[in-house]
Every structure is written in structure tokens, then in C-alpha cells.
Amino acid sequence: MRVFTPQITWHGGEHGRNDPVLSVDYHPYCGVIATGGTDGEVRLWRLDDAGGAGGAPQPVFMLSLSLHERGVNCVRFSPSGTFLASASDDGNACLWHIKPHVLAGMCASSEELEDAAVRRRAWAKLSDEKQLMRSLLRGRGAEIYDIAWSATGEHLAAACISQVVQVWHVGWRQGNAAGRIIAQLDKHRHFVQGVAWDPAGAFLASASADRTLRVFNARWRNYGGGGGAKDKEKDGAAAATVPQKRLALTQAAVMKHRYFPVPKEAQGTPAKDGATTPEPTDAKTDKAKAPRGALFADETLPSFFRRCEFTPDGAALVVPAGIFRRTPDAEPEFATHIFARGRWQENPVATLLSRDQPSVAVRMCPKLFGFHGAKAPQEQQEQQKEQQQEQQKEQQKEQKEQQKE
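Residues numbered from 1 in each chain as written. Predicted model: local features only at pLDDT ≥ 70, side-chain atom pairs only at ≥ 80, totals over all residues. Heavy atoms only, no water.

Asker: Sorry if this is basic, but what is going on with the sheet that holds strand 5 (residues 72-77) here?
Answerer: Whenever strands of a sheet pair, they do so through backbone hydrogen bonds, lying parallel or antiparallel. Reading across the sheet, the four strands line up as 5-6-7-8 and stay open at both edges, with antiparallel pairing between neighbours. At either end of the open sheet lies a strand with only one pairing partner, and these are strand 5 and strand 8 (132-138). In this sheet, neighbouring strand axes are inclined to one another by 20° on average, regardless of whether the strands run parallel or antiparallel. Across seven bridges, strand 7 (residues 92-98) lies against strand 8 in antiparallel orientation. The partner of Cys94 across the bridge, within strand 8, is Leu136. (Pairing = 2+ DSSP bridges. Helix = DSSP H or I, 4+ residues; strand = E, 2+ residues; numbered from the N terminus. Axes fitted to C-alpha atoms, helices over the stretch in contact; angles between N-to-C directions.)

Asker: Any chance you could explain empty space enclosed by the protein here in plain terms?
Answerer: The final tally for this structure, using the stated rule, is two cavities of 30 Å³ or more. Considered as a void within the structure, the largest cavity measures approximately 40 Å³ in volume. Lining of the largest cavity is provided by Arg258, Phe260, Gly293, Ala294, Ile323, Phe324 and Arg325. Elements with a contribution of two residues or more to the lining of the largest cavity: strand 22 (292-294) and strand 24 (316-324). Of the residues in the lining of the largest cavity, the class split is four nonpolar, one polar and two charged. The space that makes up the second largest cavity amounts to roughly 30 Å³. Lining the second largest cavity are Ala207, Ser208, Thr212, Phe296, Arg306, Val319, Pro320 and Ala321. For the lining of the second largest cavity, the secondary structure elements donating two or more residues are strand 14 (203-208) and strand 24. Ranked by residue count, the leading element in the lining of the second largest cavity is strand 24, at three residues. Its residues placed into classes, the lining of the second largest cavity shows five nonpolar, two polar and one charged. (1 Å grid on protein atoms, 1.4 Å probe; cavity = no way out; pocket = protein on both sides within 12 Å on 5 of 7 lines; lining within 4 Å. Points joined across faces, edges and corners; volume = space filled by probe spheres on them. Nonpolar A, V, L, I, M, F, W, Y, C, P; charged D, E, K, R; others polar.)

Asker: Got a minute to help me understand the sheet that holds strand 25 (residues 333-340) in this structure?
Answerer: The four strands lie next to each other as 23-24-25-26, forming an open sheet whose pairing is antiparallel. Each edge of the open sheet carries a strand with a single partner, namely strand 23 (309-310) and strand 26 (350-355). Note that strand 24 and strand 25 share seven bridges and pair antiparallel. Bridged to Ala316 within strand 25 is Ala340.

Asker: For this particular structure, what's the right way to read the pairing of strand 10 (residues 155-160)?
Answerer: It is a general feature of regular strands that their side chains alternate between the two faces of the sheet. Most of strand 10 is tucked away, with six of its six residues classed as buried. The alternating pattern of strand 10 places His155, Ala157 and Ala159 and Leu156, Ala158 and Cys160 on opposite faces, both of which are buried. Looking at chain direction, strand 10 and strand 11 (residues 165-173) are connected through five bridges and run antiparallel. Within strand 11, the position partnered with His155 by the bridge is His169. (Buried < 20%, exposed > 50% of the residue type's maximum accessible area, 1.4 Å probe, protein only.)

This is the structure we're talking about:
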């Protein structure tokens, strides 16, 4: 694996300033990069494999998208690659997608138009902002610091400065993208600066300047009654109510403190003979005795973002803006914490120290890397099959020899 750092400095509008780039996202199916900056613009770039020095691909500017009135804090492509979502300090999110007639013009035949792979690569052929349709998702709060798509692309979550996590349901209305707010999670007590969806769709996580990480259960529930859609029968008889599935979000856990090992003198009650009588083990009593320290930095952290993310398999949640103390009295160090799935109330399973500077964002690579020189999973499976076949042959030979004897 080779690492290179492309220079993307074309944010600053007509004045030509090199304004800060606040967010970068990569299209899941074609080499298009979206960037958002403090100039209020969303810009699209295409990686040119012709490359520059050393054969590294270089970003080539494609076009600029203008809608937001203030800085763009976050840009995210949907999992299917159909939509590009952008969120801004103006309190709104925007959905961008290719116009149907433009998409049809990019395809040589109707078969290509029906091919999902061809439609996904159409983003790389864009040359003008007018080729895109845009839909504004109006929020009910102030600035939006972070956004995240659910794995199905049906829902978009937003971290708001108004201490709220807003969730939109995204769909289609008369050929254009549309969204409606289905949930407002108001459990935080300070700016919400990061959100992340579980790849399996079971959890939604949010990180805040109130020094907490909150995890919400995401479950589908059936709702019937008068609000449901009615399926009319052919003979005109009374229609039956069809239950409607809706997403329900309920708080599952709050992570705020890290617990240190319980001191020996607090682990039991001394007996007359000097021995220690162990007390009944109870998680609540253990935590009550154990020294604890804060997991995350406070609001003085010099950043607007605490962008957390699940691993691609959903086995862990990685959260930046953490602090770590080796002992209860030690000086804190900046860190990134890793929590195991389903073990939210326990200490992080791993902590990555960042020393002098705090971490503010986490992005996971969707590709699984192996050790250098290690065989690919497919090769390992083939090797295991060969070994099993050889073992079976040896067993069969032994059985035949025993039968002869």
C-alpha cells in the first residue's frame, strides 16, 4: 500500500483564497471525490490515473455546487452512490443527484440505463452543475457539524449545534429526492459534533461536547390504525389497514467515564485473622468503588468536530476526541477510543494515543488488509480444503488396511 497526499486547495471562491477544507468523501463506485469548505461550496474532483510525480493519481477539478449560504461542514455520498449529501452552518442539509434525462443521455442504450453499475459510474461524467438536481432538507436547529447515512441509504442523521441529533427519512417525490424529519434525539447537553450509523443498521452513535458518547437502538416497528395505508379491494369492499414500518430510536447506553481497577484495600473486608473476606461480585458495587476518569475532552477542545465511525463489519466503534490517564492521578493524554459492539458500558477495548494533538475525525477503509506476504482468504480456503482432502484419504487408507488385517 502506498500513501500520497494530494493538494486540494481550490476553495475560496472568486477571491482565490485557500479557505479550509472541512470534509472529504469518496464515491463508493467511481473515482470522484467531494469536498466541502468554509467558502460555502461543494466541489467535485476526479482522480486522474495518468498521475503526477511518482505515478500517484492526481485530483482534477470537475465542477462546483452552490446552494449553501455558509460554510459546508460535511459531505457524504450515499451507500448506493445515488445521492451526495452536504450539510452547512446555515442549518440545512442538501441532497444532490443526477437528473433522469441527463443519466439517460449518458447511457448508450436502455440496457445500460437499467444497469446499476453504469448508473453509479455516471458521477465521473459530470461537467456542469445544471446536470444535477438538488433538494433542501430544512433542519429545525442551528449549524450542522456532521452527517451520516444508514447502511440502506434510507435515513440521514445530522449532528446539530442545538444539542440535537436529527434523522431524516430520504425518498423520492415526483422524480426528485425528498426528506422528512422522523426523529429528534435531544439527550445531549452540549453541541453534537459527530454521528455514525452501524453498518448492520442496529445502532446510531453520537458524540458531543458534553463529554459523552451515546448509542441508540435503531429498530423497525409496525404501526397500524387509521394512519396506515389502505389496500383497496377489487370489489370495493372495506379496505384492510396495512401496517407501516417506521424507525424507532431509543437510547441504549451513555459512555462518559473510564473505570480503573479497584484498589486492593477496597476489594474485600479484613477478617480477624488478617485475611481478606471477598465481597459478592456485583458490577454496580465494583463501579462504585473503582476510581474513574473522563473518557472524552471537554468543550475547550480546539475543534468543531468529533466524528466517530463504526468499523465496516460493525464489530467496533472508533471515537476521537478522547483522553487517557494511565493512573487516576496521571496527566491526561489525547487519545482515540475503540469500543466493542454490544459492550457499551465497559471500558474501551483499545485506546490509540495521539500525544500532543487531539484526534477530531475517524474514517475507516472499507478494504480489509492482510499481513505482507500473507495469503488471500480465498487461497487460505483452498489450502484448507486440500489439507482436509488429504486427511480424508489417509483415513480411508488406514481403514482399508485395518479391514485387510
